[in-house]
Amino acid sequence: MLRDHAAIVRFIEQAHGITGRKKLQKMMYIAKKLGYPVNEKYEFHMYGPYSEELTARIEELCTMGFLVEEKEDKGAYTQYAYSTTSESMDFMELSPPLGDAFSTCIGEMKEKSSRFLELVATLFYFDDLEQQAQIDKVHIVKGKLNFSDEEFAEAFKFIEDLKKNNC
Amino acid sequence: MTPYATQKLAEEKVFKDPVHRYIHIRDQVIWDVIGAKEFQRLRRIRQLGTTYLVFHGAEHSRFSHSLGVYEIVRRIIDNSFEGRPEWDQSERLVVLCAALLHDLGHGPFSHAFENVFSLDHEDFTQAILLGDTEVNAILSRVSTDFPQKVADVIAKTYPNKQVVSLISSQIDADRMDYLQRDAYFTGVSYGHFDMERILRVMRPREDQVVIKSSGMHAVEDYIMSRYQMYWQVYFHPVSRSAEVILTKALHRAKKLSEEGYTFTHEPTHFKSFFDGTFTLEDYVALDESVLLTYFQLWTKEQDSILADLCSRFMYRKLFQYIEFDPAKDFMKMRELESLFREAGIDPDYYLVFDSSSDLPYDFYRPGEEGERIPIHLLMPSGEIKELSRQSEIVEAVSGKRRSDHKLYFPEERLRGDTPAERRIRDVLGLKEV
């Protein structure tokens, strides 16, 4: 019971909090693609792979008091930051601890911008395609974001490194 | 010779439909797709899964819903959009096919089945569209890349977002059909709204479909209908109880198979799902008639848990439930699991936590991931305004998720006089009989 919820809490605790809903969504999706037990269903949405179930569970966890959501004023917009609470420690035990390699990967993802993670997650979403076809697809579905060749190269390198690190 | 993509039937065909009165077919491609075996299979998949155990009229199929979504999209593009410069008429066939085929990959009692076998019906929709199937053969006659185009619209990765939004957005043909169809077949009085009015005021714009502001009240009604249907029908706790039992029965059958159990009735159709070797052909061969046949046979199985769960489902001896606040009560779960074991009742199958959650309408928050494209109103001035900024009714439900948590259990098995059973009743708050 609630193991999927507990896995989310453990993930956020391991990241020492995550700022930005988009960032959280993309980090969890990338983790799912790397084998982390993310059971929430993802679909392709406005910003790439997105899980309505994950959004719902985050809100539930905030209501339950196992996560805290704080608004951060960024001038033109508001960002939401998520962190664990003292009450979440027992609850988190419902989900098995993460391995060291995976914890490192979470840290590396957190360092990246949400724009970059959006690109990485979208490339993962089309990972059944050849590399050039993946790039073409990203240009079609995210034409307005104008990702550069350098960003693609960095994203592919990042994916390769994550896989190499046995995340 | 007329290209296949634009071939018309010699005479229009119609399907009589209780929701839209008639479904009109003129395109040869659409007629052929409806006749494909993968589409005909949808006749044997109920639109509302286990809901028929609560609302006995809810026996309608995904076949009729798919035809309904097709008909709504056809009316939008042929009646409201045709001739408007913002609408690209060359997208007509792809959006009609996507509307018709958007649910093609649903399996028997989809949610339970997907949960147990870790599947996603949307992957199967893609696989049927792009694989060696009758549907694919028909779509490929339009052009070699046509099946992929249809698949991309359904997967929401198609370049023309306006086309995608007709099938998938906060006010799309899918929802407009299922709300009315489900209301009709369940017999509830919610779920009704003035769809004709909404269709008349829909206008194509870049990347989206907008609603003329004069139609705002019809849209308000649609949003409230949706809200009511989720809580009165889709999340009905008794229907959830049936789904909990169905899920647990499939889990049990899978576990027994993994442990080498010899079934009295060999589960031929499920074997490849139990061991993970299934093919697309295996998947398409499954439907609710097949599943219910096995459930009927398994009521006589030697394994008492499988036999009991299947009997409960077939004869509607469902689990009882209590409200359960996971924040407050999650520690109780551990105690209950241990008490159930002490009482000789396996909690893995007989103590189930279940959550339902819905967000009636969401608006876009700049810089953040709202993700749901909001409903936009076209004002008389030509300005575009987001619905919840104009409608107080919609504003009242916007961004407000409602969740419901329940704990399910077989109450009649907890009526004994052992200390464990007495304590279970106490923890669950069950009245002494």
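This one's a predicted model, so the numbers in the text were calculated from it and none came from an experiment.

A. Expanded view of the overall build of chain A. For chain A, the helix and strand inventory stands at 8 helices and 5 strands. Written out in order from the N terminus, the α and β elements of chain A read α-β-α-β-β-α-β-β-α-α-α-α-α. Relative to a compact globule of 167 residues, whose C-alpha radius of gyration would be 15 Å, chain A shows 16 Å and is just as compact. Judged by the C-alpha coordinates and their principal axes, chain A covers about 45 × 40 × 25 Å. Here chain A, with 167 residues, has 43% of them falling under the buried criterion.

B. Structural view of the domain arrangement of chain B. All names here are of chain B. You can read the domains of chain B as domain 1 (4-195 + 213-234) and domain 2 (236-309). Once you take the C-alpha centre of each, domain 1 and domain 2 turn out to be 29 Å apart. On the domain 2 side, the residues contacting the 24 residues of domain 1 number 20 residues. Sorting the residues of the side of domain 1 that touches domain 2 by element identifies helix H5 (110-117) and helix H6 (121-130) as the ones contributing at least two each.

C. Region of the structure containing the pairing of strand S1 (residues 8-17) of chain B. Residues and elements named next belong to chain B. The buried fraction of S1 is low, at 0 of 10 residues. As paired strands, S1 and strand S2 (residues 21-27) are joined by 6 bridges and run antiparallel to one another. Residue pairing for S2: Asp 17 is matched across the bridge by Arg 21. Linking two consecutive strands that pair antiparallel, namely S1 and S2, is a turn of 3 residues.

D. Highlighting the sheet that holds strand S8 (residues 384-386) of chain B. All names here are of chain B. Reading across from one edge, S3-S4-S7-S8 is the order of the 4 strands in this open sheet, with mixed pairing throughout. The open sheet has two edge strands with one neighbour each: strand S3 (202-205) and S8. Adjacent strand axes in the sheet meet at a mean angle of 45 degrees, parallel and antiparallel pairs treated alike. As paired elements, strand S7 (residues 376-378) and S8 share 3 bridges and run antiparallel to each other. Residue pairing across strands places Leu 378 opposite Ile 384, the latter belonging to S8.

What counts, and at which threshold
- Residues numbered from 1 in each chain as written.
- Chains lettered and ligands numbered in written order.
- Predicted model: local features only at pLDDT ≥ 70, side-chain atom pairs only at ≥ 80, totals over all residues.
- Helix = DSSP H or I, 4+ residues; strand = E, 2+ residues; numbered from the N terminus.
- Rg over C-alpha atoms; globule rule 2.2 N^0.38 Å.
- Buried ≥ 20, exposed ≤ 12 C-beta atoms within 10 Å, placed from the backbone.
- Domains from an automatic or database assignment.
- Contact = placed C-beta atoms within 7 Å.
- Pairing = 2+ DSSP bridges.
- Axes fitted to C-alpha atoms, helices over the stretch in contact; angles between N-to-C directions.

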